[in-house]
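These are the residues of each chain, in order.
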Amino acid sequence: GNEAKANVFYDRIKQFSPNSQVMIRGEERDFHQRLAKTLQSIHSHSISVDDKVSFEISKSKLNNMDLKEMAKEGYGADIVMESLGGRYFQASFDSINDGGALVTYLDRHPM
């Protein structure tokens, strides 16, 4: 997880999908929870209801879902570009909406 991977994403993908977002793993070990919170934040702005009370109930429900529940309800990700593998792969996989795609890529630059 480093900024070089974000640059690969922006160089190759952002031009085709300007609303896409990149999330770098970082050094912390809570990737699964951070990914869920990021998706909750994105989707909380897209909840469509007729009144404020229904909006707050829907937002509260969304904020209490895990990645699998979010994806099942369509609040996950449509496309996940994953380069980490290992234990981070499962969270990426769990977050994909039905009909979504998981793209694995690698950066072969020498260290």
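J.: What should I look at first to understand the overall build of the chain in this one?
T.: Scanning the chain for helices and strands turns up five helices and two strands. Moving toward the C terminus, one meets the helices and strands of the chain in the order α-α-α-α-β-α-β. Per-residue burial over the chain gives 28% buried out of 111 residues. Long-range pairs, those at least 24 residues apart, make up 43% of the contacts in the chain between residues at least 6 apart in sequence.

J.: Explanation requested: the environment of Thr38 in the structure shown.
T.: By the secondary structure assignment, Thr38 is in helix α2 (residues 31–44). Placed 15 residues apart in sequence, Thr38 and Met23 show a C-alpha to C-alpha distance of 8.4 Å.

J.: Sorry, what's going on with the side chain of Asn97 here?
T.: Among the secondary structure elements, Asn97 is positioned in strand β2 (residues 96–104). Within the structure, the side chain of Asn97 is placed 3.0 Å from the side chain of Asp78, a separation counted as a polar contact.

J.: Teacher, can you tell me more about the packing of α2 against helix α5 (residues 86–94) here?
T.: The axes of two packed helices give the description: the angle between them and the distance between them. Two elements in contact, α2 and α5, have axes separated by 9 Å at closest approach and are oriented at 25°. When the axes of α2 and α5 are compared, the pair comes out roughly parallel. The crossing of α2 and α5 is right-handed. Across from Phe31, His32 and Leu35 in α2, the residues of α5 making contact are Tyr88, Ala91, Ser92 and Asp94. Among the residues making up the contact of α2 with α5, the classes are represented as four nonpolar, two polar and one charged.

J.: What's the story with the nonpolar core in this structure? I'm lost.
T.: Ranked by size, the top nonpolar core spans 13 residues in total, and within it Phe31, Leu35, Leu39, Leu67, Met70 and Ala91 carry the most contacts. Put simply, the parts of the chain that give this core at least two residues each are α2, α4 (67–72), β1 (77–82) and α5. In terms of residue count, α2 provides more of this core than any other element does, four residues in total. Once residues within four sequence positions are removed from consideration, Ala91 is found in contact with Phe31, His32, Leu35 and Leu67.

J.: Help me understand α5 in this model?
T.: At 3.6 residues per turn, the α-helix brings residues three or four places apart onto the same side. Taken together, the buried positions of α5 are Tyr88, Ala91, Ser92 and Asp94. Looking at the buried positions of α5, the neighbouring elements they touch are α2, α4, β1 and β2.

J.: Help me out: how do you make sense of α2 in this one?
T.: With 14 residues, α2 ought to run about 20 Å at 1.5 Å a step, and its terminal C-alpha atoms sit 20 Å apart, in line with that. Listed in full, the buried residues belonging to α2 are Phe31, Leu35, Ala36, Leu39, Gln40, His43 and Ser44.

Quick notes on the rules
Residues numbered from 1 in each chain as written. Predicted model: local features only at pLDDT ≥ 70, side-chain atom pairs only at ≥ 80, totals over all residues. Heavy atoms only, no water. Helix = DSSP H or I, 4+ residues; strand = E, 2+ residues; numbered from the N terminus. Buried < 20%, exposed > 50% of the residue type's maximum accessible area, 1.4 Å probe, protein only. Contact = heavy atoms within 4.5 Å. Polar contact = N/O pair within 3.5 Å; in protein donor to acceptor, adjacent residues only side chain to side chain. Axes fitted to C-alpha atoms, helices over the stretch in contact; angles between N-to-C directions. Parallel < 35°, antiparallel > 145°, perpendicular 65-115°, else oblique. Left-handed = near helix turned anticlockwise from the far one by under 90°. Nonpolar A, V, L, I, M, F, W, Y, C, P; charged D, E, K, R; others polar. Core = buried A, V, L, I, M, F, W, Y, C linked by side-chain atoms within 4.5 Å. Expected span 1.5 Å × (residues − 1).

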